[in-house]
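Structure at a glance
The primary structure of each chain is shown beneath.
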Amino acid sequence: MTTTLTQAETAAAASKAGTVSDPGAAVEPSDTQAAFDAQAATEERSTPAPGLARRVAGALGSGLWKSAAVLAFLTLWELGPTYLASPSTRVFLPPLHEVLLAWGKLFEAGTIQGHIAASLTRSVTGFGAALVAGVSLGLLIAWYGRLNSVLNPLLELFRNTAALALLPVFTLLLGIGEESKISIVAYAAFFPVLLNTIAGVKTVDPLLIRAARSLGLNSFRLFQKVILPSAVPTIFTGIRMAGTASILVLIAAEMVGAKAGLGYLIVNAQSSFLIPDMYAGILTVSLLGLGVNFLLVALEKHFSRWRTAVGAAAS
């Protein structure tokens, strides 16, 4: 009887402790152990994963590495005129901080904003006209072979004529007002868009066209669903080239017979011997071109999302 009571008490104690007296049975965790495990899991979830920190550090390191050349150039611009150049050279090549101070004064006076607005208005108007005309005509030329054979010699003639060489012609015909500047910008931006549109349509995979025709797509649906999406990357290459050309040609056009714009600011500051203001205008042109390029790259990614989706599905 004593032995039986002892075994029962032992079994009850083992049950309270969360164990089983049978060595071959599975061990059940106690309530205390379960609470401890839940608390540990909560703390683990609240603690940032070390992989996230590594990814952030890697992104920062990659950004610094990619911008190393730019930072080195800016450092050389700041220290070179002060410590490496002669005093006479320093007059025509001021250090970076003087240029930034001049830019800040122009900004406080509202001068730089007016010049940027004038240049952007002309550039966007001419670029928009070139974009519509270049893409439309390029699609027609690439789609209809006879039209290509008729217009190709004329297009090659004008394509090899520099836009700035025709600036006096535009000025004589349209005057020194806004029309001549917008027209020269449209002319300079037209041919990159046109030629890349033609190339993009002609380089579409013929297998895609045959597969689409076998599925019963008519010409309009084929053009809408196959031709145009496949040509988008090449078209946007021409659009990015046209965006850069529109700014550069406009700056040169504004140096002749303009009363506002970044080109006018640069040449007027140079003739007035305001050298830091001149470099401030040049720096603004560079940043403006960089911003336009980033915007066009973002638009290209937006209109080419189907390529990313197809690549992800294939992998």
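Notes on the structure in this doc start here. (Residues numbered from 1 in each chain as written. Predicted model: local features only at pLDDT ≥ 70, side-chain atom pairs only at ≥ 80, totals over all residues. Heavy atoms only, no water.)

**A closer look at the side chain of H115**
By the secondary structure assignment, H115 is in helix α7 (residues 111-143). Using a relative accessible area of 10% as the deciding quantity, one classes H115 as buried. From its side chain, H115 meets the backbone nitrogen of G261 in a polar contact 3.1 Å long. Residues within four places of H115 in sequence aside, it is in contact with A260, G261, L262, Y264 and L265. (Helix = DSSP H or I, 4+ residues; strand = E, 2+ residues; numbered from the N terminus. Buried < 20%, exposed > 50% of the residue type's maximum accessible area, 1.4 Å probe, protein only. Polar contact = N/O pair within 3.5 Å; in protein donor to acceptor, adjacent residues only side chain to side chain. Contact = heavy atoms within 4.5 Å.)

**A short note on the packing of helix α12 (residues 219-254) against helix α14 (residues 275-303)**
Closest axis-to-axis distance for the α12/α14 pair is 10 Å, and the angle between their directions is 165°. When the interaxial angle is binned, α12 and α14 end up roughly antiparallel. Like other packed secondary-structure pairs, α12 and α14 cross with a definite hand, here right-handed. Facing V232, P233, F236, I239, R240, G243, I247 and I251 of α12, the residues of α14 in contact are V285, L288, G289, V292, N293, L296, V297, L299, E300 and F303. Among the residues making up the contact of α12 with α14, the classes are represented as 13 nonpolar, three polar and two charged. (Axes fitted to C-alpha atoms, helices over the stretch in contact; angles between N-to-C directions. Parallel < 35°, antiparallel > 145°, perpendicular 65-115°, else oblique. Left-handed = near helix turned anticlockwise from the far one by under 90°. Nonpolar A, V, L, I, M, F, W, Y, C, P; charged D, E, K, R; others polar.)

**Side note on empty space enclosed by the protein**
Empty space among the atoms becomes visible once a probe the size of a water molecule is rolled across them. Applying the stated rule across the entire model yields one cavity of 30 Å³ or more. Taken as a whole, the largest cavity spans an internal volume of roughly 50 Å³. As for the largest cavity, its lining consists of L167, T171, I176, S180, K181, A253 and V256. Going through the elements one at a time, α9 (167-174) and α10 (178-202) are the ones with two or more residues in the lining of the largest cavity. A breakdown of the residues in the lining of the largest cavity according to their chemical character gives four nonpolar, two polar and one charged. (1 Å grid on protein atoms, 1.4 Å probe; cavity = no way out; pocket = protein on both sides within 12 Å on 5 of 7 lines; lining within 4 Å. Points joined across faces, edges and corners; volume = space filled by probe spheres on them.)

**Considering unusual backbone geometry**
Non-glycine residue F273 carries a positive phi angle of around 60°. Assignment of secondary structure puts F273 in the loop between α13 (262-271) and α14. The exposure class of F273 is partly exposed, given its relative accessible area of 49%.

**Observations concerning the side chain of K181**
Within the secondary structure, K181 sits in helix α10. Buried K181, no salt bridge; nearest opposite-charge side chain is E178, N-O distance 5.9 Å. A polar side-chain atom of K181 sits 2.8 Å from the main-chain carbonyl oxygen of I176. (Lys, Arg positive; Asp, Glu negative; His and termini not counted. Salt bridge = Lys/Arg side-chain N within 4 Å of Asp/Glu carboxyl O.)

**Here we look at the packing of aromatic side chains**
Aromatic ring pairs: the centre-centre distance and the angle between the two ring planes describe each pair. If you walk through the whole model with that rule in mind, you get seven aromatic pairs. Centroid distance F190 to F191: 5.1 Å. Interplanar angle 80°. Geometry classified as edge-to-face. Ring-pair connections join several aromatic residues into one group, and the members of that group are F170, Y187, F190 and F191. (Phe/Tyr/Trp six-rings, centres within 6.5 Å; stacked < 30°, edge-to-face > 60°.)

**As for helix α8 (residues 145-159)**
Residues that lie three or four places apart on an α-helix share one face, since the helix turns once every 3.6 residues. The end-to-end C-alpha separation of α8 is 19 Å, in line with the 21 Å expected for 15 residues at 1.5 Å each. In α8, a bend of some 45° at L151 exceeds every other bend along the element, and P153, a proline, comes one to four places later. (Expected span 1.5 Å × (residues − 1). Bend = angle between axes of the 7 residues up to and from the residue.)

**Thoughts on the nonpolar core**
Ranked by size, the top nonpolar core spans 35 residues in total, and within it A163, I184, F191, L194, V201 and I239 carry the most contacts. Taken together, the elements giving at least two residues each to this core come down to α7, α9, α10 and α12. Broken down by element, the residue count for this core peaks at 12 residues, all from α12. Not counting chain neighbours up to four residues away, the residues in contact with F191 comprise L155, F158 and R159. In terms of nonpolar packing, the next biggest core, distinct from the first, is built from 18 residues, L96, I266, A280 and L283 among them. (Core = buried A, V, L, I, M, F, W, Y, C linked by side-chain atoms within 4.5 Å.)

**Examining a nonpolar patch on the surface**
On the surface, L76, L79, Y83 and L84 cluster together into a nonpolar patch covering about 500 Å² of accessible area. Relative to the helices and strands, Y83 resides in helix α4 (residues 68-83). Residue classification places Y83 among the exposed positions, given a relative accessible area of 66%. (Patch = residues over 30% accessible without salt bridge, like charges linked within 9 Å, V, L, I, M, F, W, Y side chains within 5 Å. Areas by Shrake-Rupley, 256 points an atom, 1.4 Å probe, with all protein chains shown as cover.)

**Some details on the layout of surface pockets**
Considering only enclosed or pocket space, the largest pocket measures out at about 430 Å³ in volume. F127, L131, I239, L296 and L299 are the residues nearest the centre of the largest pocket, which is lined by 24 residues in total. Counting only elements with at least two residues in the lining of the largest pocket, the list comes to α7, α12 and α14. Of the residues forming the lining of the largest pocket, the biggest block, 10 residues, is contributed by α12. Within the lining of the largest pocket, the residues separate by chemical class into 20 nonpolar, four polar and no charged. Its boundaries defined by the atoms lining it, the second largest pocket holds a volume of some 190 Å³. Forming the boundary of the second largest pocket are V70, F73, L74, W77, L96, L100, Y279, I282, L283, S286 and L287. Residue assignment for the lining of the second largest pocket shows that the elements contributing at least two residues are α4, α6 (96-109) and α14. Ranked by residue count, the leading element in the lining of the second largest pocket is α14, at five residues.

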